[in-house]
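# Overview (structure and organization)
In case you want the letters, here they are:
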Amino acid sequence: MDDHSLLAAQLRPTATRPLLGLTILVVEDSRFSCDAMRLLCLRSGARIRRADCLKSARRHLQVYRPSAVVVDLGLPDGSGAELISELAVTVPRVDVILGTSGDSFGEEVALAAGADGFLAKPVHSVLAFQTAILSALPPERQPNGPRLVSDDPIHPDPLAYRDDLAHAADVLDDRDDERMLAYVTQFLRGVAGSAGDTVLQRAAEDLADARARGTPVQSTLARVAGLVQDRLSARIAI
């Protein structure tokens, strides 16, 4: 067996690693969610590349063509739906385009933009992750035979959640920027939900509701900022 044949054999999907040979670009601004994706890819055999914003993702896609792209809908420099729409009409097309979000309307937005499927946050199930990727692959790219999946939930690094909180605290320092306030509200709602931090998640949801109604947000915003600082000061990740 020559070197090329040996490499091909090593990258052939197996029952326990059905995504072997695939490269997945994850466009995600949350380090906690990125770590979850890293663990899901590791268990599935896929290689992972990461981008934390639309600009970074577009720069990456000028150089590399991944097998699949997983795009968060809420990014610091715009909506992930924009990137999904671009990828859906690019020739040659990426085999798999998935949207991901913790918002209830996220799936509808992602599919309308041209995504092949959707992953609802938090994404902690190996089986759900693999199924979303494999079901969207062209028939000739799908592995044959059964899959042997241990669907024990993955556990992202709590320190990654702390990094997300530190990022949110930096953004909250500039509360007069309406665009960034909208961004950090959805960011905290998503990462707190993924981390199981229900108190902070509810506070972020209250802030989102107040903004949507057009009512004063100062007290709710102060509560959210206080919760973030409490967690950072106490060095509690979750």
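For the structure itself, look to the data block above.
This report concerns the structure included in the present document. Per-chain numbering applies: the sequence of each chain, read as written, is numbered from 1 onward. Note on the predicted model: pLDDT of at least 70 is required for a residue's local features to be given, and 80 or more for side-chain atom pairs to be given and counted; whole-chain, interface and lining totals, by contrast, use all residues. For the side-chain quantities, the full set of heavy atoms in the structure was used; hydrogens and water were omitted.

To continue, consider the environment of Ile84. Helix and strand assignments follow DSSP, with helices taken as H or I runs no shorter than four residues and strands as E runs no shorter than two, numbered in order from the N terminus. By the secondary structure assignment, Ile84 is in helix H4 (residues 80–89). Counting along the chain gives 63 residues from Ile84 to Arg147, while the straight-line C-alpha distance between them is 29 Å. Contact between two residues is taken to exist if any of their heavy atoms lie within 4.5 Å; hydrogens are not considered. Excluding residues that lie within four positions of it along the chain, Ile84 makes contacts with Val71, Leu73, Ile97, Gly99, Ala110, Ala113, Gly114 and Ala115.

Now for the pairing of strand E1 (residues 23–27). Buried, partly exposed and exposed residues are distinguished by accessible area as a fraction of the type maximum, computed with a 1.4 Å probe on protein chains only: under 20%, between the cut-offs, and over 50%, respectively. In terms of residue burial, E1 counts as a mostly covered element, since five of its five residues are buried. We treat two strands as partners when DSSP finds at least two bridges between them. As paired strands, E1 and strand E2 (residues 47–51) are joined by five bridges and run parallel to one another. Counted as the bridge partner of Val27 is Ala51 from E2. Each parallel crossover has a hand, and the one from E1 via helix H2 (residues 31–44) to E2 is right-handed. Of the pairings in the sheet, the one linking E1 to strand E3 (residues 68–72) comprises four bridges and is parallel in character. When the bridges of E3 are listed, Val26 appears paired with Val70. Consider the strands pointing away from the viewer: the crossover is right-handed when the path from the first strand over the helix to the second runs clockwise.

Here the focus is helix H5 (residues 106–113). Turning to H5, its buried residues number three or more, namely Gly106, Ala110 and Ala113. Looking straight down H5, one finds that the buried residues subtend no more than 65° of arc, so they occupy a single side. In H5, the exposed positions angled more than 90 degrees off the buried face are occupied by Glu108 and Ala112. Lining the buried residues of H5 we find H4, strand E6 (96–101) and strand E7 (117–120). Just past H5, the residue Gly114 takes up positive phi, approximately 115°. Note that the arc is computed from the directions linking the helix axis to the C-beta atoms.

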